[in-house]
Amino acid sequence: GPSGSGKSTLLDVMALIRDSGEVQGTHYINGVPSHSKEANFLREWLSHNLAYVRQQDVLFPKMTVREHLVHMAWILLPQFMTVERKMARVEQVLSLLELEACADTICGDGGVKFEGGISGGQRRRVSVATQL
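A brief report on the enclosed structure follows. These numbers come from a predicted model, not from an experiment.

**As for the environment of Leu132**
- Within the secondary structure, Leu132 sits in the segment after helix H5 (120-131).
- Sequence spacing of Leu132 and Leu69 is 63 residues, and the spatial spacing of their C-alpha atoms is 9.9 Å.
- Excluding its chain neighbours within four sequence positions, the residues that come into contact with Leu132 are Arg89, Val93, Leu96 and Leu97.

**Quick word on helix H3 (residues 65-76)**
- For H3, which comprises twelve residues, the first-to-last C-alpha distance of 16 Å matches the rise-based estimate of 16 Å (1.5 Å per residue) to within 8%.
- Turning to H3, its buried residues are Val65, His68, Leu69, Val70, Met72 and Ala73.

**A look at unusual backbone geometry**
- A positive phi angle, near 55 degrees, is found at Glu98, a position not held by glycine.
- Along the chain, Glu98 turns up in the loop between helix H4 (83-96) and H5.
- The class of Glu98 is exposed, set by a relative accessible area of 63%.

**Some details on the layout of surface pockets**
- A volume near 990 Å³ is recorded for the largest pocket.
- Forming the boundary of the largest pocket are 34 residues, of which Leu50, Ala51, Leu76, Thr130 and Gln131 lie nearest the centre.
- Counting residues per element, the ones that place at least two in the lining of the largest pocket are helix H2 (40-49), H3, H4 and H5.
- Among the elements that line the lining of the largest pocket, the one with the most residues is H3, at six residues.

**Here's the deal with the environment of Ala73**
- Tracing the backbone shows Ala73 in helix H3.
- Assessed through its relative accessible area of 7%, Ala73 is described here as buried.
- In the structure, Ala73 is positioned eleven residues away from Glu84 in sequence and 11 Å away in space, judged by C-alpha atoms.
- Leaving out residues up to four positions away in the same chain, Ala73 has contacts with Lys86 and Val90.

The rules behind these values
- Residues numbered from 1 in each chain as written.
- Predicted model: local features only at pLDDT ≥ 70, side-chain atom pairs only at ≥ 80, totals over all residues.
- Heavy atoms only, no water.
- Helix = DSSP H or I, 4+ residues; strand = E, 2+ residues; numbered from the N terminus.
- Contact = heavy atoms within 4.5 Å.
- Expected span 1.5 Å × (residues − 1).
- Buried < 20%, exposed > 50% of the residue type's maximum accessible area, 1.4 Å probe, protein only.
- 1 Å grid on protein atoms, 1.4 Å probe; cavity = no way out; pocket = protein on both sides within 12 Å on 5 of 7 lines; lining within 4 Å.
- Points joined across faces, edges and corners; volume = space filled by probe spheres on them.

This is how it looks when you write it as structure tokens:
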């Protein structure tokens, strides 16, 4: 649809992460209203098993791609996961999204404040990698 038609807003509402504006109506998860007590488990499950990459790439501009992914692994992966498994996951995702060649290059900010950094396509893949 055209710009401003609400595509991103719809995704935010469906993923239960809309944090501004007013949402009207009832949101259901597997036929259960999402605000109900019965949906607590489903909301928790969704928060750990559902992700989407937002339109804007939000990366740490002075970190390398690998540093960014390691940092995000510490934040997003479960505490019970060992350090070795987290680092293996980072390397797996770097390989899966063909980011090995730029893994030690700073992310940059697309040329806004910092020169250098990865390309726009690589930035997008790093954003996807962050969610994996």
